[in-house]
Every structure is written in structure tokens, then in C-alpha cells.
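A look at the structure
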Amino acid sequence: MSVEKALTPEDVVGVLQGRNWEAEIVHEKDVSDLVKVTPEGIMKCVDGRPSDHPGMSGPKSLGGVYAIATNRGVTDIDGLKKIVAEVIAAGHIPSVHGDEHAHPAPMGCGFFKLWSQGKLEGIP
């Protein structure tokens, strides 16, 4: 079994800047309204749907597990299943929400729609 090197904040900044995006490392002490993440919470998209439910206290990223897939160049179901297993192994609950406006319907979220239509600059 091979062990992959952990992704660092500097790695993330480098990837984003390599796509001509603006990125910087922000420290916890400089963010007054940071919400703590708990393992019991689901890993989900951050699409503006607020919730005080404790089940929503997992890590957030635009696109949820799709975000990990896009950053790794994963475009098949087997690769997505491996990412889901990795999120579970990290102690979180992976999720993807659906929407009536999704493309292709009924899958996904706004991030998935933009990704599937090739509208995220620098991401194939």
C-alpha cells in the first residue's frame, strides 16, 4: 500500500495560482466568524443554504466531493467512489445535493453544472 503525501495549504495555493486564480493562506486567528468542523457533520457543498443543524457541521467546499475530483482530474465513477471512501476514512460523511436546475438533471449542484459545462476556467 502506498502512502500519498498530505496536501498542504501551500499546495492548494500553488494549484489555484497555476490556474490564474487569486489565492492566499488565511489563518484562523484572522477569521472572526469561522465555524468549527466536526466529524459527525456531512462534507457538503457551500451553496448558500445555511443550517444550524449539527449534522451540517462537517467540512465544506464548493462542489463537496466533486471539488476533490476536479482538483485530482478524476472524471469516472470509480475515481469518485475512491474519493468518497477517502472522505469516510477521514471521519466525515460525504454528500452531494441535487437540484431541479442541475445539468444534467437531476444530478448535482451549481458547481457540478459549471464543471460539466466546462465553465470553470482552468479545470478540464
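As a starting point, this report considers the structure included with it.

Definitions and cut-offs
Residues numbered from 1 in each chain as written. Predicted model: local features only at pLDDT ≥ 70, side-chain atom pairs only at ≥ 80, totals over all residues. Heavy atoms only, no water. Helix = DSSP H or I, 4+ residues; strand = E, 2+ residues; numbered from the N terminus. Buried < 20%, exposed > 50% of the residue type's maximum accessible area, 1.4 Å probe, protein only. Contact = heavy atoms within 4.5 Å. Core = buried A, V, L, I, M, F, W, Y, C linked by side-chain atoms within 4.5 Å. Polar contact = N/O pair within 3.5 Å; in protein donor to acceptor, adjacent residues only side chain to side chain.

Now for the environment of A69. For A69, the position within the fold is in helix α2 (residues 65-72). The class of A69 is buried, set by a relative accessible area of 1%. As a C-alpha pair, A69 and V84 span 15 residues in sequence and 9.8 Å in three-dimensional space. With near-sequence residues (within four places) excluded, A69 lies in contact with V74, L80, I83 and W115.

You can see H92 is positioned in the loop between α3 (77-89) and β2 (93-94). Ignoring sequence-local partners within four residues, the contact set of H92 consists of V37, T38, P39, G41, P59 and V87.

Note: most residues except glycine have negative phi, and most peptide bonds are trans. For N20, which is not a glycine, the phi torsion comes out positive at approximately 65 degrees. Within the fold, N20 resides in the loop between α1 (9-18) and β1 (42-43).

Core analysis: the biggest nonpolar cluster contains 16 residues, and V65, Y66, A69, I83, F111 and W115 have the highest contact counts within it. Contributions of two or more residues to this core are made by α2, α3 and α4 (110-116). If one sorts the elements of this core by residue count, α2 sits on top with 4 residues.

Before going further, it helps to spend a moment on the side chain of T70. You can see T70 is positioned in helix α2. From its side chain, T70 meets the backbone oxygen of A67 in a polar contact 2.9 Å long.

A word on α2. Inspection of α2 places V65, Y66, A67, A69 and T70 among the buried residues, and these make up the whole buried set. Tucked inside the fold, the buried residues of α2 contact β1, α3, β2 and α4. Positive backbone phi, at 75 degrees, marks G73, one or two positions downstream of α2.

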